[in-house]
Amino acid sequence: MIPVTEIALREIRLALREPFRISSGVISDRRILLVELRDADGATAWSECVAFQEPIYSAETIDTAWLAITSWLAPRVLGVDFASPADVHGALAREIRGHHMAKAALEMGCWGLAALRAGKSLAELLGGTRDRVVTGISLGIQAGPEALVSRAVEARHVGYRKIKIKIMPGKDVDYVNAVRQALGPEISIMADANSAYELSQADQLAKLDAFNLIMIEQPLGEDDLVRHAALQRRLQTPICLDESITSLDRAEDMLTLGSGRIINIKPGRVGGFSASKAIHDLCERANIPVWCGGMLESGIGRAYNVALASLPNFKLPGDLSPSARYWERDIVTPEWTMDAEGMVRVPRDCQGIGVTVDVDRVDDLTVRRQVLT
Ligand code: OSB
Ligand code: MG
């Protein structure tokens, strides 16, 4: 690769069309950390850090990521002559613990830049084989089951192929039941608890077995593989892990312990594309399906997720909603769209990430910027 000689960080503000509630909090006006990498020949690639403003999903926040990138991570990329973007993960992992989302923003940006340089689409460079990826919707916690049902019915109507319902104690069985009744037995439905339960509530979670869910995502603690294994033994419904899978090692632990049967891969959570691909490959060998999760990304982050989801073992619909579900207007052109079959097209006849960043718009939305050389 041609060495990266400049890394520009920006924070933008982008309001979600409506607040998104999970068991641990609510996300509304997003503060988003964008990264622009420039190489010695002047080529640039944009990437996105998926950390939220508050540590309600994982310990990282946009401010910790800013600190990690400027203080410790960017110096490990700037001016370094990497043979391949696959080498960036190791350079960022060495001696620096945690900060996966900060690392991923840089690492994935290097993949984006490498694709551009190779004259290939990001999907092709990664080894993705699909032309289109199947899409589901993640519905935040609503005021009541009726409100959730109307969202779910609408989502089915526009083509989504999987309906994911956010749950928490007190907002679980009635909500899931109402959606299953409204949509009928054929539709793929799942629930995501974002770590809201304890093992002592296993009886309550077991009631969800009645609704033929394709999976229950992350019911227990974010770092807890042992109790998830105990819970999985008590549930018919497959457990899918999200927060708990922070690396290839944790994915191996899940397989060894039987903590779940499906993995939601979010590249930001595991430190980028190399780790995502390694988890993907491990799961493929072990016959564990994976799917691509989402972090309410802008169109930049979405480009990386769509490229990743084009790998062959992404067997289940991803949380890859089109731009218009999140934003009045996205920061890329073309915006991400979904067809009536719930498919998002993978950009393949392009060089790089496949969308163009609207830099004037990004400038208008920028509240801080720092350039590292
Ligand atoms: O657990 O997958 C999650 C959003 C915020 C925090 C955590 C999660 C989510 C989603 C959103 O489910 C998925 C999307 O980007 O559409
Ligand atoms: Mg989740």
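Above this text sits the structure in question.
**Student:** Whenever I open this one, empty space enclosed by the protein confuses me. Can you help?
**Tutor:** Over the atoms rolls a probe the size of a water molecule, and in doing so it shows where empty space is left. The full count for this structure, using the stated rule, is 4 cavities of 30 Å³ or more. Within this model, the largest cavity holds a volume of roughly 210 Å³. What lines the largest cavity is a set of 22 residues, and nearest its centre among them are Phe-20, Ser-138, Lys-166, Gly-294 and Leu-296. Looking at the lining of the largest cavity, the elements that each hand over two or more residues are strand S1 (4–22), strand S4 (132–139), strand S5 (163–166) and helix H13 (323–326). Per element, the largest residue contribution to the lining of the largest cavity is 3 residues, and it comes from S4. Broken down by class, the residue content of the lining of the largest cavity amounts to 9 nonpolar, 5 polar and 8 charged. For the second largest cavity, the calculated volume is near 80 Å³. What lines the second largest cavity is a set of 13 residues, among which Glu-48, Val-50, Met-108, Pro-267 and Gly-268 lie closest to the centre. Where the lining of the second largest cavity is concerned, the elements lending two or more residues are strand S3 (44–49), helix H3 (100–118), helix H10 (267–270) and helix H12 (299–309). If you tally residues by element for the lining of the second largest cavity, the top one is H3, at 4 residues. Classifying every residue of the lining of the second largest cavity gives 7 nonpolar, 4 polar and 2 charged.

**Student:** Just checking my understanding: could you explain the site of ligand 1 for this structure?
**Tutor:** As a matter of local geometry, ligand 1 sits amid 18 residues, with Ser-138, Asn-194, Lys-266, Leu-296 and Tyr-326 nearest to it. At 3.1 Å from an oxygen atom of ligand 1 is found a side-chain nitrogen or oxygen belonging to Asp-242. Contacts to ligand 1 include Leu-296, whose backbone N or O atom sits 2.9 Å from an oxygen atom. For ligand 1, the cavity whose grid points lie within 2 Å of the majority of its atoms is the largest cavity.

**Student:** Explain the layout of surface pockets to me, please; I cannot follow it from the model alone.
**Tutor:** Its volume calculated, the largest pocket comes out at about 310 Å³. The wall of the largest pocket is formed by 13 residues, among which Ser-58, Ala-59, His-100, Glu-222 and Thr-246 lie closest to the centre. Classifying every residue of the lining of the largest pocket gives 3 nonpolar, 5 polar and 5 charged.

**Student:** How should I be thinking about helix H11 (residues 273–285) in this particular structure?
**Tutor:** Given 3.6 residues per helical turn, the α-helix brings residues three or four places apart onto the same face. With 13 residues, H11 ought to run about 18 Å at 1.5 Å a step, and its terminal C-alpha atoms sit 18 Å apart, in line with that. Where H11 is concerned, the buried positions are Phe-273, Ser-274, Ala-275, Ser-276, Ile-279, His-280, Leu-282 and Cys-283. Once H11 finishes, Asn-287 follows within two positions and takes phi at roughly 60°, a positive value.

**Student:** Help me out: how do you make sense of the coordination of the magnesium ion (ligand 2) in this one?
**Tutor:** Any two of four tetrahedral donors ideally make an angle of 109.5 degrees at the metal, while pairs among six octahedral donors ideally make 90 or 180 degrees. Protein coordination at the magnesium ion (ligand 2) comes from Asp-192 (OD), Glu-217 (OE) and Asp-242 (OD), with a distance range of 2.1 to 2.3 Å. Summarised as a motif, the one-chain spacing of the donors to the magnesium ion (ligand 2) is D-x24-E-x24-D. Of this pair, Asp-192 sits in strand S6 (residues 189–192) while Asp-242 sits in the loop between strand S8 (239–241) and helix H9 (248–257), and the two are 50 residues apart along the sequence. Here Asp-192 matches Asp-242 in class, with each residue buried.

**Student:** Even after reading the chapter, I still don't get the sheet that holds strand S2 (residues 25–39), so can you show me in this structure?
**Tutor:** The strands that make up a sheet pair up through hydrogen bonds in the backbone, lying either parallel or antiparallel. Read from one edge to the other, the open sheet built from 4 strands follows the order S3-S2-S1-S15, with strand pairing classed as antiparallel. Single-partner strands in this sheet number two, and they are S3 and strand S15 (366–372). Each neighbouring strand pair of the sheet contributes to a mean axis angle of 25°, computed without reference to strand direction. Where H3 meets the sheet, its contacts fall on S1, S2 and S3, and the angle it forms with S3 comes to roughly 155°. Along the sheet, H12 contacts S2 and S3; its crossing angle with S3, the most-contacted strand, is approximately 95°.

**Student:** Before we go on, may I ask you to explain the packing of aromatic side chains in this structure?
**Tutor:** The geometry of an aromatic ring pair comes down to the distance between the two centres and the angle between the two planes. Inspection of every chain in the model, using the stated rule, returns 4 aromatic pairs. Centroid distance Phe-52 to Tyr-57: 6.4 Å. Interplanar angle 85°. Geometry classified as edge-to-face. Phe-52 gets classed as buried once you look at its relative accessible area, which sits at 7%. The class for Tyr-57 is buried, based on a relative accessible area of 6%. Relative to Tyr-304, the ring of Phe-273 has its centre 5.8 Å away and its plane inclined at 50°; by these criteria the two rings are tilted. Taken as a pair, Phe-273 in helix H11 and Tyr-304 in helix H12 lie far apart in primary sequence, 31 residues in all. Relative accessible area serves as the criterion here: at 0%, Phe-273 is assigned to the buried category.

**Student:** Please explain the environment of Leu-37 as it appears in this structure.
**Tutor:** With respect to the helices and strands, the residue Leu-37 is situated in strand S2. Relative accessible area serves as the criterion here: at 0%, Leu-37 is assigned to the buried category. When sequence neighbours within four positions are dropped, the list of residues in contact with Leu-37 reads Val-4, Glu-6, Ile-7, Ala-43, Thr-44, Ala-45, Ser-47, Leu-106, Gly-109, Cys-110 and Leu-113.

Each value, and the rule that gives it
- Residues numbered from 1 in each chain as written.
- Chains lettered and ligands numbered in written order.
- Predicted model: local features only at pLDDT ≥ 70, side-chain atom pairs only at ≥ 80, totals over all residues.
- Heavy atoms only, no water.
- 1 Å grid on protein atoms, 1.4 Å probe; cavity = no way out; pocket = protein on both sides within 12 Å on 5 of 7 lines; lining within 4 Å.
- Points joined across faces, edges and corners; volume = space filled by probe spheres on them.
- Helix = DSSP H or I, 4+ residues; strand = E, 2+ residues; numbered from the N terminus.
- Nonpolar A, V, L, I, M, F, W, Y, C, P; charged D, E, K, R; others polar.
- Near = heavy atom within 4 Å.
- Polar contact = N/O pair within 3.5 Å; in protein donor to acceptor, adjacent residues only side chain to side chain.
- Sits in = over half its atoms within 2 Å of the grid points.
- Expected span 1.5 Å × (residues − 1).
- Buried < 20%, exposed > 50% of the residue type's maximum accessible area, 1.4 Å probe, protein only.
- Donors = N, O, S within 2.8 Å, 3.2 Å for Na, K, Ca; no water.
- Pairing = 2+ DSSP bridges.
- Axes fitted to C-alpha atoms, helices over the stretch in contact; angles between N-to-C directions.
- Contact = heavy atoms within 4.5 Å.
- Phe/Tyr/Trp six-rings, centres within 6.5 Å; stacked < 30°, edge-to-face > 60°.

Treat this as a map of the structure, not an account of what it does.
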